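The primary structure of each chain is shown beneath.
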Amino acid sequence: MKSSLFPYSKATFHGIENHVLNAAANPESLSEFLTICASSSAVAFTAIFSDDYFSTAFVPVTAKFCTPKGDRCTRWWCTCNKQSRSSLARIQVAAYLFTCETGGKLSTFMVPIDPDLPFECSATLEDRWDAIRKVILSSDVPDLDPRKPKAVTFSTIRSILPLHSYFSGGAGRQRQLISQSIFDIQLASFLVVPNTAVDEGTYEFDEIWEHFGGVDERKEKTGLPLDASDEMRSLDEAIDNLRLCLALRSTLSLKLKEQNLEDSFYQLESPIAFLLASIECSGIGFLPTRLTNMETRLDEKIGSIAAIVQGFSSDPDFNIRSPRQIAKLLFTDLNIPKPASNPYTSQKKKTDQISTGVEVLLSVKGAHEVVPLLLEYRKLNKVKTTYISSLTSFCVGGAGDMTKIYPVWHTLRTRTGRLSCSKPNMQNIPNKAIFEGVHPRDAFVAGKSETLFSVDYRQIEIRILAHFTQDHALMKLFRDSENDIYKSMSMRITGKKSISDVTGNERAIAKQVVLAVVYGMGAPQVAKKLGVEISAAATFFNNFFAGFPGVRRWMQSVKRFAVNNGYILTITGRRRWLPDIRSENREKSARAGRQAVNSVIQGSSADLVKLAMIKVASNLEMWNNSGEKAPELLLQIHDELVFSLPETRVHVERLKKLVERCLCLEVVRDLRIQVALLVTCKVGKSFGDAMVDYIE
Ligand SMILES: [Zn+2]
């Protein structure tokens, strides 16, 4: 694994003994290191990687170094599509670095791992890894107060991936799935920072330090000679950052306490970050050939649509991709009346060019048979570029046979607290076939003699809405759970006597309005979705609120709370700050009001799924400890969890019982949810069409 590209010599690390102690020099020094860590109140740590930069987990998350046209790049921290963060799990770790405070004095230890480092280490490699794990997981302190984790790191996932990888790589070694023992600086900052200089979604170390620590305390960098190597410079910076991490831990843990966020942080967010490292380490099976076949089918279909559209044009050089030529075809050659200005926006186009965007096409959809074809053409092209052509670039391993894709998971990117995913965004891949034989999810597959298993909450947001609003009519709908929920809702709104009298259109309206409440959409957006006038949409809202008066009362109380406090609270007490809620600008404050409602529902559903994941993972850990390999959690797609496991009835049934107990009973009990939660379980060899309802 280690290349000789970076030959380390003793000269590279000249003077290192003045900065760092080698904990692995011999078995005695290793046990002394453990004793010192055990007696100190906090230990900051980072992994150091064997690249030419000697990079650490502090590398900015936005750092990029390669060009799009080169080969797969080698630096784990590159943000290009060819590099996934889970590659951290497979590259050589140079060492782990620890800084702890004992008796008012800071000491920094290194536990070298890379055999090419020029340090004498007589402690065995196995013992070194065990020591690293002991300190990070504080496993030498059995009755550790979970509110005072000792290990502090800048980014749990980055520092834990190599550890996970080592402990999943062989006989007798087993990766831990759940831990509350790590204080993650990035995560804590995310929870306590309302909306500040800390850039949304990146939370680089320097920004966090500037915000919470202040620049003054930053050490003058005079400790190194001018001719120090790059490795020594990187090491020096890491040591400095670890010292700052210890200071940040004190500041941030105080803020967590002040804002009543300790439970969210220690019991929900920290264990989730640890678990996500394991999920990233697992990846998911992927069949590139299956995707190539889909691409071929899609190309054929796109080509045939283009040919038919071409037939309507008199221009032999007609280009379906040119908006100008499409406009000429529609509004000149075919004489379709030009649409009036866009009814949903007040913006006026400055140029004479008539837009042929999707909205315009939709507004003249019935005018000519070519328009639906153009819409179909656009849709299929989008599917191709967004979901099909790009997916293969993420796979790791050779082509042809099954490879793996290791999506990157994020806890800091959505303000509602939902997990998000990139490279690729698995949550965004369509959950239905585009047309016969083209279902991008079908390229994601189970391994040999394994099966995929998914468990999905049913109408989770609307159930949470019922829980919060305590609206009797809404809660009753979920008690009589056999009926189609949206039809029942429409029955209540329209006053119809029988569910069979509810029309498809009435059901669609009820569904759209309740989802609009949940997702914070206003009447204009609903009007657009349903293709009706804004006034009609406003009437739908009023009718809905008349049928479910508790919903409106609750929405008003959430908005009042947000105005009074500047934030809202989720079911677990996590805050979402809403800076615009008191804005003088009515449009802004109205939007913030809708966000307030949306954040309570979405944020609570995010909390709920996270809690479910933690419960499931703890159970899987026990399953592993019983000596049998447990199913692996591979994905979280909003309210759905996906696992891989051996393809036997015994395994599937055991997992089904486990997830139903965790998701439907324990979560409901712990969060005191007053509406029943239901799930659907599916099994299949691939993630798309092959997934079928699992019936015992
Ligand atoms: Zn790159």
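Throughout what follows, the structure given in this document is the object of discussion. (Residues numbered from 1 in each chain as written. Predicted model: local features only at pLDDT ≥ 70, side-chain atom pairs only at ≥ 80, totals over all residues.)

What to know about the environment of Pro-424
Relative to the helices and strands, Pro-424 is located in the loop between β11 (420-422) and β12 (444-445). Beyond its immediate stretch of four places on either side in the chain, Pro-424 contacts Ser-390, Leu-391, Phe-394 and Pro-407. (Helix = DSSP H or I, 4+ residues; strand = E, 2+ residues; numbered from the N terminus. Contact = placed C-beta atoms within 7 Å.)

Regarding the pairing of strand β18 (residues 679-684)
Where strand β13 (residues 450-457) meets β18, 6 bridges bridge the pair, whose relative direction is antiparallel. By the bridge assignment for β18, Val-455 is matched with Cys-681. Looking at chain direction, β18 and strand β19 (residues 692-693) are connected through 2 bridges and run antiparallel. Within β19, the residue paired with Lys-682 across the bridge is Asp-693. (Pairing = 2+ DSSP bridges.)

With respect to helix α7 (residues 262-282)
A rise of 1.5 Å per residue sets the reference length of α7, with its 21 residues, at 30 Å; its end C-alpha atoms lie 29 Å apart and thus fit the reference within 8%. At Glu-269, α7 shows its maximal kink, close to 30 degrees; a proline, Pro-271, follows between one and four residues later. Counting buried residues along α7, 18 of its 21 residues qualify, which places the element largely inside the surrounding structure. Gly-283, located one to two residues past α7, shows a positive phi value of around 65 degrees. (Expected span 1.5 Å × (residues − 1). Bend = angle between axes of the 7 residues up to and from the residue. Buried ≥ 20, exposed ≤ 12 C-beta atoms within 10 Å, placed from the backbone.)

Brief notes about the sheet that holds strand β4 (residues 105-112)
Pairing is mixed across the open sheet formed by 6 strands, whose spatial order is β1-β4-β3-β2-β5-β6. Among the strands making up the open sheet, the edge pair consists of β1 (21-22) and β6 (182-184). Pairing between strand β5 (residues 151-153) and β6: 3 bridges, direction parallel. Considered in β6, the bridge of Ala-151 is made with Ile-182.

Comments concerning the pairing of β4
By the bridge criterion, 2 bridges tie β1 to β4 in an arrangement that is parallel. From the neighbouring strand, Asn-22 faces β4, where its bridge partner is Met-110. Sheet analysis places strand β3 (residues 93-102) next to β4, joined by 8 bridges and oriented antiparallel. Bridging from a neighbouring strand, Cys-100 pairs with Ser-107 of β4. What sits between the antiparallel neighbours β3 and β4 is a turn of 2 residues, in which Gly-103 has the positive phi angle 55 degrees.

Brief notes about the packing of helix α3 (residues 156-167) against α7
In the contact formed by α3 and α7, the axes pass within 9 Å of each other and the chain directions differ by 50 degrees. Relative to α7, the element α3 lies oblique. Note that α3 runs across α7; the crossing there is right-handed. Contact with α3, carried on its side by Thr-156, Ile-157, Ile-160, Leu-161, His-164 and Ser-165, involves Ala-273, Phe-274, Leu-276, Ala-277, Ser-278, Glu-280 and Cys-281 of α7 and no other residues of that element. The residue makeup of the contact of α3 with α7, split by class, is 8 nonpolar, 4 polar and 1 charged. (Axes fitted to C-alpha atoms, helices over the stretch in contact; angles between N-to-C directions. Parallel < 35°, antiparallel > 145°, perpendicular 65-115°, else oblique. Left-handed = near helix turned anticlockwise from the far one by under 90°. Nonpolar A, V, L, I, M, F, W, Y, C, P; charged D, E, K, R; others polar.)

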